[in-house]
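Summary of structural features
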Amino acid sequence: MANIVLLLILNSLLPLVGGKNDINLKLVEEGKALYKLKKYRDSVGVFNKVFPNNKFPGAKDVWNMHAGVDSDRKVRLAEPLADCMLVYARSLAKIKDYKSAGKILKHIEKIVKAGEGILPPAVRSLGLASMAAEMATVIACAGDANKAVNKMEDALLHIDPLLDTPSDGSVPKDQDPKLLFATYSAELARFLLWAGATEDAYEVMKMAVKWGRWKNDLQLPAGQYIPTLEAKPVHIKSSDDKNVDSRLTPFIEALRLIESYTGALKEEANILLEAKDVLLEQNECLHTGTTQKTGAWRYAPVYGLHSTFQALPNFCHEATPEACKLVKELQSIRGISLERLGYSSIDANVHIQPHWGPTNTRLKVHLGIIIPTTTDGSSCSSMTLAGQEMIWAESKAFLFDDSFLHEVWNNCSATRLILQAVFKHPDMKDSKRDSADL
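Residues numbered from 1 in each chain as written. Predicted model: local features only at pLDDT ≥ 70, side-chain atom pairs only at ≥ 80, totals over all residues. Heavy atoms only, no water.

Quick word on the sheet that holds strand S10 (residues 406–410)
Spatial strand order, S5-S10-S7-S8: four strands in an open sheet with antiparallel pairing. Strand pairing shows two members of the sheet lacking a second neighbour, strand S5 (350–355) and strand S8 (388–391), which therefore form its edges. Shown here is a sheet whose adjacent strand axes are inclined to one another by a mean of 15°, direction ignored. Pairing geometry for strand S7 (residues 381–385) and S10, over five bridges, is antiparallel. Opposite Thr-384, over in S10, you have Glu-407 as the bridge partner. (Pairing = 2+ DSSP bridges. Helix = DSSP H or I, 4+ residues; strand = E, 2+ residues; numbered from the N terminus. Axes fitted to C-alpha atoms, helices over the stretch in contact; angles between N-to-C directions.)

Brief notes about the pairing of strand S9 (residues 397–400)
Neither face of S9 is left uncovered, since the one carrying Ala-397 and Leu-399 and the one carrying Phe-398 and Phe-400 both have all their residues buried. Pairing of strand S1 (residues 234–236) with S9, which is carried by two bridges, proceeds in the antiparallel orientation. Looking across to S9, one finds that Ile-236 is bridged to Leu-399. Pairing geometry for strand S6 (residues 362–370) and S9, over four bridges, is antiparallel. The residue of S9 that forms the bridge with His-366 is Phe-398. (Buried < 20%, exposed > 50% of the residue type's maximum accessible area, 1.4 Å probe, protein only.)

Digging into helix H14 (residues 321–331)
Owing to its 3.6 residues per turn, the α-helix aligns residues three or four sequence positions apart on the same side. Listed as buried for H14 are Ala-323, Cys-324, Leu-326, Val-327 and Leu-330. Buried residues of H14, seen end-on, are gathered within an arc of 155° and therefore sit on one face of the element. Those residues of H14 hidden inside the fold are in contact with helix H11 (249–260), helix H12 (262–275), strand S3 (297–304), strand S4 (338–346) and strand S11 (416–424). (Arc of directions from axis to C-beta. Contact = heavy atoms within 4.5 Å.)

Topic: the packing of helix H9 (residues 177–194) against helix H10 (residues 198–211)
Where H9 contacts H10, the axes come no closer than 8 Å and their chain directions differ by 165°. Classed by the angle they form, the pair H9 and H10 counts as roughly antiparallel. Handedness of the H9/H10 crossing: left-handed. Contacts between H9 and H10 involve Lys-178, Leu-179, Phe-181, Ala-182, Ser-185, Ala-186, Leu-188, Ala-189, Leu-192 and Leu-193 from the first element and Thr-198, Asp-200, Ala-201, Tyr-202, Val-204, Met-205, Met-207, Ala-208 and Trp-211 from the second. In terms of residue class, the contact of H9 with H10 is made up of 15 nonpolar, two polar and two charged. (Parallel < 35°, antiparallel > 145°, perpendicular 65-115°, else oblique. Left-handed = near helix turned anticlockwise from the far one by under 90°. Nonpolar A, V, L, I, M, F, W, Y, C, P; charged D, E, K, R; others polar.)

Side note on the pattern of salt bridges
Applying the stated criterion across every chain, the model contains 16 salt bridges. Among the salt bridges present, the one from Arg-90 reaches Glu-134, with a minimum N-O distance of 2.4 Å. In this pair, Arg-90 sits in helix H5 (residues 71–94) while Glu-134 sits in helix H7 (residues 121–141), placing the two residues 44 residues apart along the sequence. On the basis of relative accessibility, which here comes to 22%, the residue Arg-90 falls in the partly exposed class. In this structure, the salt-bridge partner of Glu-230 is Arg-247, at a minimum N-O distance of 3.2 Å. Residue Glu-230 is found in the loop between H10 and S1, and its partner Arg-247 is found in the loop between S1 and H11; the two are separated by 17 residues along the sequence. Members of the salt-bridge network, linked through shared partners, are Glu-230, Lys-232, Asp-245, Arg-247 and Asp-427. (Salt bridge = Lys/Arg side-chain N within 4 Å of Asp/Glu carboxyl O.)

Side note on the sheet that holds S1
Spatially, S1-S9-S6-S11-S4-S3-S2 is the arrangement adopted by the seven strands of the open sheet, whose pairing is antiparallel. Strands at the two margins of the open sheet, each flanked by one partner only, are S1 and strand S2 (280–281). Both S3 and S4 contribute to a ladder of seven bridges, which runs antiparallel. Paired with Tyr-299 across the strands is Ser-344, a residue of S4. H14 contacts S3, S4 and S11 of the sheet and is inclined by roughly 145° relative to S4.

A closer look at the state of the cysteines
According to the stated counting rule, one finds three disulfides in the structure shown. In this model Cys-380 forms its disulfide with Cys-412; the gap between the sulfur atoms is 2.0 Å. Taking the sign of the S-S torsion, about 110° here, the bridge from Cys-380 to Cys-412 comes out right-handed. With Cys-380 in the loop between S6 and S7 and Cys-412 in the loop between S10 and S11, this residue pair connects regions lying 32 residues apart in the sequence. Accessibility assignment for this pair places Cys-380 and Cys-412 in one class, buried. Regarding the disulfides, the chain carries the connectivity 1-2, 3-4, 5-6 under sequence-order numbering of its bonded cysteines. (Disulfide = S-S within 2.5 Å.)

Some points on the packing of H7 against helix H8 (residues 145–159)
Across the interface, H7 lies against H8 with an axial gap of 8 Å and an inter-helix angle of 170°. Between H7 and H8, the angle falls in the class roughly antiparallel. The handedness of the crossing between H7 and H8 is left-handed. Here H7 contributes Ser-125, Leu-126, Leu-128, Ala-129, Ala-132, Ala-133, Met-135, Ala-136, Ile-139 and Ala-140 to the contact with H8, which in turn contributes Lys-147, Ala-148, Lys-151, Met-152, Asp-154, Ala-155, His-158 and Ile-159. Residues belonging to the contact of H7 with H8 are distributed by class as follows: 13 nonpolar, two polar and three charged.

A short note on the packing of aromatic side chains
Scanning the model with the defined rule gives seven aromatic pairs in all. Relative to Trp-194, the ring of Phe-191 has its centre 5.6 Å away and its plane inclined at 70°; by these criteria the two rings are edge-to-face. Placement of both Phe-191 and Trp-194 in helix H9 is noted, with a separation of three residues, approximately one turn of the helix. Trp-194 matches Phe-191 in its accessibility class, with the two residues each being buried. One aromatic cluster is present, formed by Phe-47, Phe-51 and Tyr-88 through successive ring pairs. (Phe/Tyr/Trp six-rings, centres within 6.5 Å; stacked < 30°, edge-to-face > 60°.)

Some remarks on the pairing of S3
Judged by how many residues are buried, S3 sits mostly within the fold: seven of eight residues are covered. Pairing geometry for S2 and S3, over two bridges, is antiparallel. The residue of S3 that forms the bridge with Glu-281 is Arg-298.

Here's what the structure looks like:
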């Protein structure tokens, strides 16, 4: 978050470049690329070479070295260092080394604090806010939601004085304090929900809408947001739904096709559950299994248009031939655009905590494949979506918008597995990307 502000702050590290402590820019790019590919352990290994023994310059030493460096060269050379330290910390957090990640973030925070009188006040305040927010996320992932709440409140306190203060020109235009305040408010609300402070969370969500780009306090995606797209949590509850807008008719066809594959997909899914080399553990630190060792949330990417999946043969996983057949048929349906598809499983007694999906530009289909029940046949796994309870059933699919607040429970004694398909929002072809498209 606020990477450009941090870039400006960390230009103080530039005297290390070009001298005896010169960093290996090739290694930096390699580490960043591995992070984008979600190869977090490999990324950490590369960054360990960039900063042997995690040796960083002292905070005061950084500013003592600040003078005498050409400003153009500062900006040109600061970016790899800023990215390196941040991506290094984030990679460590992804492999659950929260202690080491926190140490790096605290070191950057010390550098920012030591820059008082050197950094423009607004840049320093936003830098401290960014570091507090980064640390709040690491703390939350480590399992202490209450402490994460306190740290995110610190982030907001750093920004608050800037909300009604005219810009002095030192902060980049895309680092609007109001939008950052809204973004951090949404994160604070998420951590409040994790801490069980539901009423406080909903008040903060209203505050996020007040300062931010969103229109609905239950729909606060952190990424791309287009306010003109139709917004509702559930678009199609069932493939038998008779009251569907004509725009969504192709999705009814898609739901019925997906449901028709249930038997073949179930056989394939059981093979994947046994193999365990295609179902990869999620790293979003949203589920209780991440911190309490109670289980795992896994995803097997079958098909995707995103770079993460481009290593898969023909963009479709060789271990999932039945799902790949489904992909080809879905691609032949006019009026829909498939972006990715895969299997998703959560172990017994796992809770995926409240969160928003990253963007409102897509809709998701869930198909129940392996849905355990209690001994009397009752449901024991469900999703709460914007206050509505959604219960999976084998061979039944529904279409929803995951940019609305949602959480998942599997209170069963066995693994729950579904197929997840992601489609472009049907209004996207008529929408122009605007200032809210971040």
